[in-house]
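In case you want the letters, here they are:
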Amino acid sequence: MIDPNRNEPIITDDATLGVVEDALASLWAVANTLSRLRQGRRERFTVSIFGSARILPGQPLYEEVKHLAKVLSEMGCDIVTGGGPGLMQAANEGSQLGDPEDKTRSIGIRVALPFEVEGNPFLEQVYTHQTFYTRLHQFVRLSDAFIVLGGGIGTTLETLLIWQLLQVKHITDVPLVMVGDMWRELVGWATKHMVGHEPPLAKAEDMELPRCVSDVREALTLLEPLITAHNHHEE
């Protein structure tokens, strides 16, 4: 019996593989149709926070992200993270600290990893995916805004996907806020090597899709009018 929680490849013969590929083509057609669905206006403004799993509690960036999520939660926002340790945990912890009456949600969208068996202890709602691409799509479906803090390859993958979806207008009017010099320098690199290439590999306006800020205070300042407008609409 096949264990759906294991990720080892399954070896098949050519005939079986042909049947599987036909079935997968049909499944992808359904998945592509479903992926066009976007939830309408949510009861609460939902912010996804991306960042490194390697930052420890008590370190300055951890405490900054915890404060960021606390303030967003106090403003009535649901907080979504990857559900793991580090800055994800900081955001989920801050979400709970800012919501003593349990009016908002602290959400984790996890991916099954052998070295990260459980989500962080501050999750109130958890989703678990077997693949990164289905997980990323759920981030897109749930989120009204994205805030990106310091992170590694995983954080960069998530960030570039959102950037591309904004570029091709698969999502619109969803802020992508990048906090810190590493992301400002990434946009600078893209401007130099993509827009500055001959012929250009991207448009200058593509570089304006991410909003680069220096700290979490500036990120809050950017999102506050959107959150306030959303909350007034729901009243």
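Below you will find a few notes about this structure. The structure displayed is predicted, hence computed values, not measured ones.

Concerning the pairing of strand 6 (residues 176-179)
- Along strand 6, one buried face is formed by Leu176 and Met178 and the opposite face, lined by Val177 and Val179, is buried too.
- Of the pairings in the sheet, the one linking strand 5 (residues 145-148) to strand 6 comprises three bridges and is parallel in character. Bridge pairing in strand 6 links isoleucine 147 to valine 177.
- Of the pairings in the sheet, the one linking strand 6 to strand 7 (residues 210-213) comprises four bridges and is parallel in character. Directly across from valine 177, in strand 7, lies its bridge partner arginine 211.
- Between the parallel elements strand 6 and strand 7, the chain passes through helix 6 (residues 181-195) in a crossover that is right-handed.

A closer look at the pattern of salt bridges
- For the structure on display, the rule yields ten salt bridges.
- Between glutamate 43 and arginine 44 there is a salt bridge, with the nearest N and O atoms lying 3.5 Å from each other.
- Arginine 44 sits in the buried class, given a relative accessible area of 17%.
- The partner of lysine 66 in a salt bridge is glutamate 63, with the nearest N and O atoms 3.0 Å apart. Taken together, the positions of lysine 66 and glutamate 63, both in helix 2 (residues 60-74) and three residues apart, correspond to about one turn of that helix.
- Residue classification places glutamate 63 among the partly exposed positions, given a relative accessible area of 30%.
- A cluster of three or more residues bridged by salt bridges with shared partners is formed by Glu43, Arg44, Asp78 and Arg105.

What to know about the sheet that holds strand 2 (residues 78-81)
- Spatial ordering of the open sheet is given by 4-3-2-1-5-6-7, a layout of seven strands whose pairing is parallel. Two strands close off the open sheet at either side, each with one partner strand: strand 4 (125-129) and strand 7. Each adjacent strand pair in this sheet contributes to an overall mean axis angle of 20°, direction not counted.
- Inspection of the sheet shows strand 3 (residues 106-111) paired to strand 4 by five bridges, in the parallel sense. Bridge pairing in strand 4 places glycine 108 opposite valine 126.

Side note on the packing of helix 2 against helix 7 (residues 216-234)
- Running from N to C, helix 2 and helix 7 cross one another at 15°; their axes reach a closest spacing of 11 Å. The orientation of helix 2 with respect to helix 7, classified from their angle, is roughly parallel. Regarding helix 2 and helix 7, the two cross each other, and that crossing is right-handed. Seen from helix 2, the contacting residues are Glu64, Leu68, Val71 and Leu72; seen from helix 7, they are Val216, Leu220 and Ile227.
- Among the residues forming the contact of helix 2 with helix 7, the class breakdown is six nonpolar, no polar and one charged.

Some points on helix 7
- When the terminal C-alpha atoms of helix 7 are compared, their 26 Å separation across 19 residues agrees well with the 27 Å that a helix rising 1.5 Å per residue should span.
- Regarding helix 7, the residues found buried are Val216, Ala219, Leu220, Leu223, Ile227 and His230.
- Where helix 7 is buried, its residues contact strand 1 (46-50), helix 2, strand 5, strand 6 and strand 7.
- Measuring from the backbone nitrogen of arginine 217 back to the side-chain oxygen at the start of helix 7 gives 3.3 Å, which picks out aspartate 215 as the cap.

Thresholds, definitions, all that
- Residues numbered from 1 in each chain as written.
- Predicted model: local features only at pLDDT ≥ 70, side-chain atom pairs only at ≥ 80, totals over all residues.
- Heavy atoms only, no water.
- Buried < 20%, exposed > 50% of the residue type's maximum accessible area, 1.4 Å probe, protein only.
- Helix = DSSP H or I, 4+ residues; strand = E, 2+ residues; numbered from the N terminus.
- Pairing = 2+ DSSP bridges.
- Right-handed = clockwise from strand over helix to strand, strands pointing away.
- Salt bridge = Lys/Arg side-chain N within 4 Å of Asp/Glu carboxyl O.
- Axes fitted to C-alpha atoms, helices over the stretch in contact; angles between N-to-C directions.
- Parallel < 35°, antiparallel > 145°, perpendicular 65-115°, else oblique.
- Left-handed = near helix turned anticlockwise from the far one by under 90°.
- Contact = heavy atoms within 4.5 Å.
- Nonpolar A, V, L, I, M, F, W, Y, C, P; charged D, E, K, R; others polar.
- Expected span 1.5 Å × (residues − 1).
- Polar contact = N/O pair within 3.5 Å; in protein donor to acceptor, adjacent residues only side chain to side chain.

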